[in-house]
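# Fold and geometry: a report
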4 protein chains.
Amino acid sequence: MTDRPTLTVDTDDPTPPYEQLRRQLADLIEYGVLAPDDRLPPLRQLAADLGLAVGTVARTYRELESAGLVVSRRGGGTRVAAARSRPPAAVLHERAAAFVRDARLLGADDEQIRAAVAAVLGT
Amino acid sequence: MTDRPTLTVDTDDPTPPYEQLRRQLADLIEYGVLAPDDRLPPLRQLAADLGLAVGTVARTYRELESAGLVVSRRGGGTRVAAARSRPPAAVLHERAAAFVRDARLLGADDEQIRAAVAAVLGT
Amino acid sequence: MTDRPTLTVDTDDPTPPYEQLRRQLADLIEYGVLAPDDRLPPLRQLAADLGLAVGTVARTYRELESAGLVVSRRGGGTRVAAARSRPPAAVLHERAAAFVRDARLLGADDEQIRAAVAAVLGT
Amino acid sequence: MTDRPTLTVDTDDPTPPYEQLRRQLADLIEYGVLAPDDRLPPLRQLAADLGLAVGTVARTYRELESAGLVVSRRGGGTRVAAARSRPPAAVLHERAAAFVRDARLLGADDEQIRAAVAAVLGT
DNA sequence: GTGGTCTAGACCACC
DNA sequence: GTGGTCTAGACCACT
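Predicted model, so just to flag it, every value in this text is computed and none were measured.

Helices and strands together make up the secondary structure of chain A, namely five helices and two strands. Order of helices (α) and strands (β) in chain A, N terminus to C terminus: α-α-α-β-β-α-α. At 18 Å, chain A has a C-alpha radius of gyration far larger than the 14 Å of a compact globule built from 123 residues. Dimensions of chain A, computed from the C-alpha atoms along their principal axes, are close to 55 × 35 × 30 Å. Looking at the 123 residues of chain A, the share that counts as buried comes to 34%. Put simply, of all contacts in chain A between residues at least 6 apart along the chain, 50% involve residues at least 24 apart. With an accessible surface of roughly 6800 Å², chain A has 51% of that area assigned to carbon and sulfur atoms.

With that settled, the discussion passes to the protein's contact with DNA strand E. Near DNA strand E, the surroundings consist of 28 residues, among which A:Pro17, B:Leu43, B:Arg44, D:Pro17 and D:Thr56 are the closest. When atoms of DNA strand E within 4 Å of the protein are split into backbone and base, the sugar-phosphate part holds 77%. Between DNA strand E and A:Pro17, the relevant distance is 2.8 Å, taken from a phosphate oxygen to a main-chain nitrogen or oxygen of the residue. Within the backbone of B:Gly75, one N or O atom sits 3.2 Å away from a base oxygen of DNA strand E. Among the secondary structure elements, those contributing two or more residues to the surface near DNA strand E are α1 (17-30) and α3 (54-66) of chain A, α2 (43-50), β1 (70-73) and β2 (77-80) of chain B together with α1 (17-30) and α3 (54-66) of chain D.

Let us now look at the interface of chain A and chain B. Between chain A and chain B, the contact holds 33 residues from the first and 34 residues from the second. A buried area of about 3000 Å², summed over both sides, lies between chain A and chain B, and 74% of it is on carbon and sulfur atoms. Summed over the three residues of chain A that lose the most area to chain B, namely A:Leu92, A:Leu106 and A:Leu121, the buried surface amounts to 23% of that side. Inspection of the chain A/chain B interface yields four salt bridges. Note that A:Asp13 and B:Arg23 form a salt bridge whose closest N and O atoms lie 2.9 Å from each other. Of all the secondary structure elements, the ones that give two or more residues to the side of chain A that touches chain B are α1, α4 (88-105) and α5 (110-121) of chain A. Here the side of chain A that touches chain B takes 13 residues from α4(A), the largest share from any one element.

Okay, the relation of the copies chain A and chain B next. By a simple turn and slide, chain A fits onto chain B: the slide is 0.2 Å along the axis, the RMSD is 0.7 Å, and the turn is 179 degrees. Taken together, the rotation angle and the small translation identify this as a two-fold axis. Across chain A, the rotation axis passes nearest the C-alpha of A:Thr15, at a separation of 2.4 Å. Most of the interface of chain A is mirrored in chain B: 97% of its interface residues are interface residues there too.

Regular strands have side chains that alternate between both faces of the sheet. Residues and elements named next belong to chain C. Here strand β1 (residues 70-73) pairs with strand β2 (residues 77-80) via four bridges, running antiparallel. Along β2, the bridge assignment pairs Ser72 with Thr78. Counted along the chain from β1 to the antiparallel partner β2, the turn is three residues long, and its residue Gly75 has a positive phi close to 75 degrees.

On to unusual backbone geometry, then. Residues and elements named next belong to chain A. The phi torsion at Asp37 lies on the positive side, around 80 degrees, for a residue other than glycine. When you line up the elements, Asp37 lands in the loop between α1 and α2 (43-50). A relative accessible area of 46% means that Asp37 is categorised as partly exposed.

This part is about the environment of A:Leu50. Residue and element names in this part refer to chain A. With respect to the helices and strands, the residue Leu50 is situated in helix α2. For the pair Leu50 and Leu21, spaced 29 residues apart in the sequence, the C-alpha separation amounts to 10.0 Å. Once you skip the residues sitting within four places of it in the chain, Leu50 turns out to touch Leu7, Thr8, Val9 and Leu21.

Here we come to the domain arrangement of chain A. What the domain assignment lists for chain A is domain 1 (17-80) and domain 2 (88-121). The C-alpha centroid of domain 2 of chain A is placed 31 Å from the C-alpha centroid of domain 1 of chain A.

Under the defined criterion, the tally for this structure stands at two aromatic pairs over all chains. For the ring pair A:Phe99 and B:Phe99, a centre distance of 5.1 Å and an interplane angle of 0 degrees mean the geometry is stacked. Highlighted residues: A:Phe99 in helix α4 and B:Phe99 in helix α4 (residues 88-105), drawn from two different chains. Judged by its relative accessible area of 5%, B:Phe99 falls in the buried class.

Glancing now at helix α5 (residues 110-121) of chain C. With 12 residues, α5(C) should reach 16 Å at 1.5 Å per residue; the first-to-last C-alpha distance of 17 Å fits that figure. Within the sequence span of α5(C), burial applies to C:Ile113, C:Ala116, C:Val117 and C:Leu121. Down the axis, α5(C) shows its buried residues gathered within 135 degrees of arc, on one side only. Where α5(C) is buried, its residues contact α4 (88-105) of chain C together with α4 (88-105) and α5 (110-121) of chain D. The distance from a side-chain oxygen at the start of α5(C) to the backbone nitrogen of C:Glu111 is 3.1 Å, and the residue carrying that oxygen is C:Asp109.

To continue, consider the protein's contact with DNA strand F. In the vicinity of DNA strand F lie 28 residues, with B:Pro17, B:Thr56, C:Pro17, D:Leu43 and D:Arg44 positioned nearest. Sugar plus phosphate, as a fraction of atoms of DNA strand F within 4 Å of the protein: 77%. Within the contact set of DNA strand F, a phosphate oxygen lies 3.2 Å away from a side-chain nitrogen or oxygen of C:Tyr18. A distance of 3.1 Å separates a phosphate oxygen of DNA strand F from a polar side-chain atom of C:Arg59. Within the residue set of the surface near DNA strand F, elements represented by two or more residues are α1 (17-30) and α3 (54-66) of chain B, α1 (17-30) and α3 (54-66) of chain C together with α2 (43-50), β1 (70-73) and β2 (77-80) of chain D. Here the surface near DNA strand F is composed, by residue class, of 11 nonpolar, nine polar and eight charged.

With that settled, the discussion passes to the side chain of C:Thr78. Residue and element names in this part refer to chain C. Among the secondary structure elements, Thr78 is positioned in strand β2. Take Thr78: its relative accessible area is 10%, and that puts it in the buried class. Those residues in contact with Thr78 that lie beyond four places of it in its chain are Asp38, Arg39, Leu40, Tyr61, Val70, Val71 and Ser72.

Cut-offs and rules
Residues numbered from 1 in each chain as written. Chains lettered and ligands numbered in written order. Predicted model: local features only at pLDDT ≥ 70, side-chain atom pairs only at ≥ 80, totals over all residues. Heavy atoms only, no water. Helix = DSSP H or I, 4+ residues; strand = E, 2+ residues; numbered from the N terminus. Rg over C-alpha atoms; globule rule 2.2 N^0.38 Å. Buried < 20%, exposed > 50% of the residue type's maximum accessible area, 1.4 Å probe, protein only. Contact = heavy atoms within 4.5 Å. Areas by Shrake-Rupley, 256 points an atom, 1.4 Å probe, with all protein chains shown as cover. Near = heavy atom within 4 Å. Polar contact = N/O pair within 3.5 Å; in protein donor to acceptor, adjacent residues only side chain to side chain. Buried area = accessible area lost by both parts, 1.4 Å probe. Salt bridge = Lys/Arg side-chain N within 4 Å of Asp/Glu carboxyl O. Least-squares fit on C-alpha atoms with pLDDT ≥ 70 in both. Pairing = 2+ DSSP bridges. Domains from an automatic or database assignment. Phe/Tyr/Trp six-rings, centres within 6.5 Å; stacked < 30°, edge-to-face > 60°. Expected span 1.5 Å × (residues − 1). Arc of directions from axis to C-beta. Nonpolar A, V, L, I, M, F, W, Y, C, P; charged D, E, K, R; others polar.

Structural data, given as structure tokens:
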């Protein structure tokens, strides 16, 4: 019950598994859910948990590392890189902007957008 | 500026092009941006516009058809299937809920979420 | 209510419509359901009934004619050719052979095959 | 002679090759000739044997998979899906019924039908 | 003109 | 080695 965030791979999704995984981990890191210096699950354990080959997870970690989101130290596992998490406020703003763009595509006006958010927040 | 909604394919995204396209069109239909009986661009035109092979776009159209979102007739063309789009209000609510969930993952409270949306809306 | 045998085209079947039609008519002729000198439905009427373009039905008739199953006389419509229907007994035998082959593929032995036919015939 | 059931493609048949193949494999699976978990031939081997392009066989396998008859795993191979084949007795009865219907269309009575089957079975 | 399919060779993802 | 996809050009079926 160490409560690690649930990572999943959907085999029906044409997006390759290594990329599905990469996106989830990148999000968790950028969102600060995985804080700098936190350890990622060991390659083999994650592979076993998800029913993937080790090489597939290795590919994910490699991509994250070359993006600078993660650091693999030899013998020391893989940890979240220090300098890369962005301020949560910036991420929040970005997400809000994406939501608003989408809502407008749907034809919603400002008032409807505000109302929808209010409805979801409850009160 | 009466142009059709912009469809794009990102060649750096490991998600296969036919799937990127499929998602965009499925969204446009579900969002009601493309209304029932609206015509989709001809295979070859869309392929040319996006720099894709004809077969790739054909695959997208085929998938959309087998999902019941679209109807293709030989010699006819491809049109949005009737009675498939959901009420925009429902879709808007769903999107708002997804945004709020994301924002809370980031650690934002209700007030911050409201503020972020307000900031984006201007005013 | 002239009781013409029902011809149908399944648009979900990848077999082209002209070929679906051709097979049905060829069977009807070979089986003797359509007797020598019987008239086939007029091109345009059949096309209208099936929701096909005239050219598509024309293609079917053309194929039947070049197979010698049918004769188009100018101004006189299309009729079943005289010399082509095979003795029903021969066709029956052929069909029985096909059925037996299939049944054996399923692993059935002679007794099971006989029993299955008896069961269908009732009594 | 332990060879796998013969698959063939008739290039004179207007039915597209991927569909001819699909039907044959679907039949073999439904008939139980290919049992659950049996492996299908590798894409490229089957393509080579039949003189088809790889993509054509891939299309067949994809259709079978989306019909739930087969499961393909990347790097794994393609196998018959479990719990899909119908009881052979049911299939046999269905085939017998189809044969009888056909025979009656030809004008045969019960006795003639029985006789035709007996003749084929050899005694 | 519009959708549907095929080929041939190539590259990718996965085990 | 096995499945999955892409391209480029070609031909077919249909309206």
